[in-house]
Amino acid sequence: MEAIILAGGFGTRLRPFTFTRAKSLLPILNEPMISHLVKTLPKKVDTVILAVNYRREQIEEYFRTHDFGKTIIVNEEPEPLGTGGAVKFAEKYITGSFFVLNADIICSLNLTEMLRFHEKKKAVATISLWPVENVSEFGVVDIKKDGTITKFVEKPKAEDAPSDLINAGAYLLEQPVLEYIEPGKLVSMEKQIFPQIIQNTGRFFGFKFQGHWIDVGRISSYISVHVHLLEAQRKKYVIGEQCEILGPLTHSCAGNRVRIGKNTTVESSVLFDGVTVGENVSLDHCVIGEKVEIGEGSNLKNVAVGDNETIDKNTTHDNAIVWNQPIPQGYPNKQIGNVIGE
Ligand code: GDD
Ligand code: MG
């Protein structure tokens, strides 16, 4: 059985970190986001198709050097084809029912249970569902008691949302679903394909689950996923190898070779590999990119500092993105993936 992981797109809401890396390689507790996801795949899934484009070579390199006991196919779109186009582009590898997974979700969904549900319902498509308060950034469904989805609206205005149940970003699809997608075109699964499956088959189901679900789509949620996982593991912090940490770290994570000076406090922050922070610094809700140097006496709150940047001593920043290097050519200034036609 195959699983397609949608790991393309630019991750524009996670810049400046996605200026230099694929979104799915962003570390979560010092392990790429995509690795957390691959580990949740059922045994039955023996082939993983990585639907990639931007920074494909980094993803390829990661899987070349890390073994997950599954066949990994790196399927690069010549240019981003959207969430539906990317699935169609993987068609030649599909042999039956298959999973499609958004790469930017950390959750407790049990895919084996979802598969059982899908088979029992004889569904054409099953999608995972999660309740949220503010639905407007997500795909929202209308669902009947038996789990049949009767409506799917992508990113509706709050007043147009049919419920508080959103598309949690994992799908189980039957092969004929691929017939709905035109090849070689920019197609949104959510906007263009799901509504058609609902209308034509009436066998589109929703699978609710318990536990946790975090969309790692933006910097604030990237921090909250760390805080949540640390709390769940009852840890104050996680640090990598060869670190020298002289100040307190709370709800925070530091990669390898991180140095933190005396009297420096780090709260709800994520520090990538090779970061150096001077003495008497305060970091609160910050994400600090690789090899960043932060001078002594600085005070950063809600700040994202891109790889290889330097913060002068005694700098104060509140709610800022620090990036002084060129933006990679072709990097868009807004989200494109599944928001086609806006
Ligand atoms: N290969 C490929 N090609 N992957 C893509 C492309 C593309 O052109 N565009 C986006 N992706 C990947 C992203 O990397 C991500 O893993 C997934 O497809 C979904 O795209 P996002 O851009 O993150 O969409 P979103 O977060 O606005 O909304 C989606 O996720 C929500 C849950 O987090 C939708 O599926 C919503 O319906 C859903 O509620
Ligand atoms: Mg997303």
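Parameters at a glance
- Residues numbered from 1 in each chain as written.
- Chains lettered and ligands numbered in written order.
- Predicted model: local features only at pLDDT ≥ 70, side-chain atom pairs only at ≥ 80, totals over all residues.
- Heavy atoms only, no water.
- Pairing = 2+ DSSP bridges.
- Helix = DSSP H or I, 4+ residues; strand = E, 2+ residues; numbered from the N terminus.
- Near = heavy atom within 4 Å.
- Polar contact = N/O pair within 3.5 Å; in protein donor to acceptor, adjacent residues only side chain to side chain.
- Areas by Shrake-Rupley, 256 points an atom, 1.4 Å probe, with all protein chains shown as cover.
- Nonpolar A, V, L, I, M, F, W, Y, C, P; charged D, E, K, R; others polar.
- Salt bridge = Lys/Arg side-chain N within 4 Å of Asp/Glu carboxyl O.
- Buried < 20%, exposed > 50% of the residue type's maximum accessible area, 1.4 Å probe, protein only.

A. A look at the sheet that holds strand β26 (residues 310–311). The five strands are arranged β15-β18-β21-β24-β26 in an open sheet whose pairing can be described as parallel. Each edge of the sheet is formed by a strand with only one pairing partner; in this case those strands are β15 (244–245) and β26. Here β15 pairs with strand β18 (residues 259–260) via two bridges, running parallel. Among the inter-strand pairings, Ile245 is bridged to a residue of β18, identified as Ile260.

B. Here's a closer look at the site of ligand 1. Near ligand 1 there are 31 residues, and of these Gly8, Glu77, Glu154, Lys155 and Glu190 occur at the shortest range. Interatomic distance of 3.0 Å between a backbone N/O atom of Ala103 and an oxygen atom of ligand 1. Contact distances for ligand 1 include 3.3 Å between an oxygen atom and a side-chain N or O atom of Tyr171. In the complex, the protein chains occlude 98% of the 730 Å² of accessible area that ligand 1 would expose alone. Residue assignment for the shell around ligand 1 shows that the elements contributing at least two residues are β4 (47–52), α4 (82–89), β10 (149–154), β11 (165–173) and β13 (213–215). Looking at which element gives the most residues to the shell around ligand 1, the answer is α4, with three residues. Grouping the constituent residues of the shell around ligand 1 by class yields 12 nonpolar, 11 polar and eight charged.

C. Broad picture of the pairing of strand β9 (residues 139–143). Pairing of β9 with β10 involves five bridges; the strand directions are antiparallel. The partner of Val141 across the bridge, within β10, is Phe152. Here β9 hands over to β10 after five residues, with Gly147 in that stretch at a positive phi of 95 degrees.

D. Expanded view of the pattern of salt bridges. One pass over the structure, following the stated rule, counts 12 salt bridges. Notably, a salt bridge pairs Glu119 with Lys44, separated by 3.8 Å at the nearest N-O pair. Of this pair, Glu119 sits in helix α5 (residues 111–121) while Lys44 sits in the loop between α2 (33–38) and β4, and the two are 75 residues apart along the sequence. On the basis of relative accessibility, which here comes to 45%, the residue Glu119 falls in the partly exposed class. Across the pair Glu137 and Arg218 runs a salt bridge, and its minimum N-O distance is 3.1 Å. Note that Glu137 is positioned in the loop between β8 (125–131) and β9 and Arg218 in the loop between β13 and α7 (219–232), a separation of 81 residues in sequence. Several salt bridges converge on common partners, so that one network encompasses Arg21, Glu290 and Asp307.

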